[in-house]
Amino acid sequence: MKGIATLMLWGGLLLAPLTSAEHVRLVGDVWPPFTDQRLPGNGLAVELVSTALQRAGHSTEYVEVPWARVLRGLQQGDYDVIVAAWYSNERSRYGFYSSAYLVNRIRFLRRTGMPIEFAGLDSLRPHSIAVVRGYSYDSAFDAAQGLSKVPVLEFAMGARMLAAGRVQLTLEDELVAQYHLNRDLREIRNAVEFVEKPLSENGLHILMRRSHPLHRQIVADFDRELAAMREDGTYRKIFSRYGL
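Given the structure is predicted, the values throughout are model-derived calculations rather than measurements. The residue count restarts for each chain, going from 1 along the sequence in the order it is written. Per-residue local features are limited, in this predicted model, to residues with pLDDT of at least 70; the limit for side-chain atom pairs, both in listing and counting, is 80 or more; totals at the level of whole chains, interfaces and linings are taken over all residues. With hydrogens and water excluded, all non-hydrogen atoms of the structure serve as input to the side-chain values.

Notes on the packing of aromatic side chains
- Only centres within 6.5 Å qualify two rings of Phe, Tyr or Trp (six-membered ring in Trp) as a pair; their planes then separate them into stacked at under 30 degrees, edge-to-face at over 60, and tilted for everything else. In the structure shown here, the tally under the stated rule is 9 aromatic pairs.
- Judged by centre distance (4.5 Å) and plane angle (50°), the ring pair of W31 and F34 falls under tilted. Neither residue differs from the other here; W31 and F34 are each classed as buried.
- With a centroid separation of 4.3 Å and 25° between ring planes, the pair formed by Y135 and Y137 is classed as stacked.
- In our convention, an over-ring charge means Lys NZ or Arg CZ found within 6 Å of a ring centre and within 35 degrees of that ring's normal. Directly above the aromatic system of F141 lies the positively charged group of K149, at a separation of 4.5 Å from the ring centroid.
- The cationic tip of R230 hangs over the ring face of Y235; the distance from NZ or CZ to the ring centre is 4.3 Å. Relative accessible area decides the class of each residue, using a 1.4 Å probe on protein chains only: under 20% of the type maximum gives buried, over 50% gives exposed, and in between gives partly exposed.

Below, the structure is given as structure tokens:
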């Protein structure tokens with residue numbers, strides 16, 4: 001009996017998933033509501049990522065630095081995971097991407113009730129558009145000639161100009177816009193609305209440094225637990241805490 005019990009124990013160990021708990025150093029720049037140390041949980045993206053990794057048995061810490069340092073630090077091994085990254089071939093050389101855990105949709109906003117629709121870049125030519133100086137929205141839109149772009153310092157400024165009728169459109173990531181309209185732009189929330197068709201859609205991923213010996217396992221752990229969070233309601237509860 002003792003021998004059979006020993007064999008059963010070893011069999012169970014062989015069938016159990018091979019996991020290794022790691023301390024994972026997360027990094028991002030300031031991008032509310034996704035990443036911001038001034039927010040509870042350090043922002044929506046940080047809370048989603050850290051919760052998934054902790055559910056897989058890993059411990060986490062989060063650091064916030066300018067974007068150039070985020071990329072350099074991952075390549076140098078100062079950090080393990082960028083919590084919020086769009087896919088690029090260049091970054092995939094030194095980083096390993098997870099599945100997308102949410103989607104960034106860049107959408108236009110118009111004054112409520114205005115009959116303006118987006119049907120390709122040519123449809124924008126009759127309209128003035130508030131754009132944040134230095135912001136990369138979409139490669140085709142950024143490079144388009146003949147559009148009436150009005151540079152502003154930040155989305156809030158462009159949104160207030162839109163509500164006041166000084167421009168006819170502005171644009172922003174849908175969740176970022178919702179976040180601001182529910183907080184510092186509450187007074188104009190009913191004066192503006194989204195245009196239905198988005199300019200672009202980008203999946204948001206974690207990006208883990210390939211130099212980490214367990215990068216594939218940790219990303220697989222993240223993907224598995226994120227899927228479980230969607231199923232058990234944890235994902236939606238985290239979203240709701242940010243008013244989204």
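Here we look at the UniProt feature "domain: Solute-binding protein family 3/N-terminal" (unreviewed entry) in the chain
- Mapped onto this numbering, the UniProt entry annotates "domain: Solute-binding protein family 3/N-terminal" (unreviewed entry) at residues 22-244.
- Structurally, residues 22-244 is divided into 33% helix and 26% strand, and its ends, taken at the C-alpha atoms, are 31 Å apart. UniProt positions are given in the numbering used here, feature names are shortened, and annotations may be inferred rather than shown by experiment. Only DSSP runs of H or I covering at least 4 residues are called helices, and only runs of E covering at least 2 are called strands; the numbering of each starts at the N terminus.

Concerning the side chain of R107
- Structurally, R107 can be placed in strand β5 (residues 102-111).
- Residue R107 is classed as buried on the basis of its relative accessible area, which comes to 10%.

What to know about the pattern of salt bridges
- Note on definitions: salt bridges are taken to be side-chain nitrogens of Lys or Arg within 4 Å of carboxyl oxygens of Asp or Glu. Tallying each qualifying case throughout the model produces 15 salt bridges.
- Where E201 meets R105, a salt bridge forms, and the shortest distance between an N and an O atom there is 3.1 Å. Of the two residues, E201 sits in strand β10 (residues 200-209) while R105 sits in strand β5, which places them 96 residues apart along the sequence.
- Here E201 falls in the partly exposed class, since its relative accessible area comes to 48%.
- Judged by its relative accessible area of 23%, R105 falls in the partly exposed class.
- One salt-bridge network, in which partners are shared between bridges, spans R55, D221, R224, E225 and D232.

Points about the side chain of D173
- Relative to the assigned elements, D173 resides in strand β8 (residues 169-173).
- Note on charges: Lys and Arg go in the positive column, Asp and Glu in the negative column, and His and the chain ends are not counted at all. No salt bridge is formed by the buried D173, whose closest oppositely charged neighbour, R105, lies at an N-O distance of 8.5 Å.
- Pairs of N or O atoms are called polar contacts if they sit within 3.5 Å, as long as, within protein, a hydrogen donor faces a hydrogen acceptor (for residues adjacent in sequence, only side-chain-to-side-chain pairs). Separated by 2.9 Å, the side chains of D173 and N104 make a polar contact.

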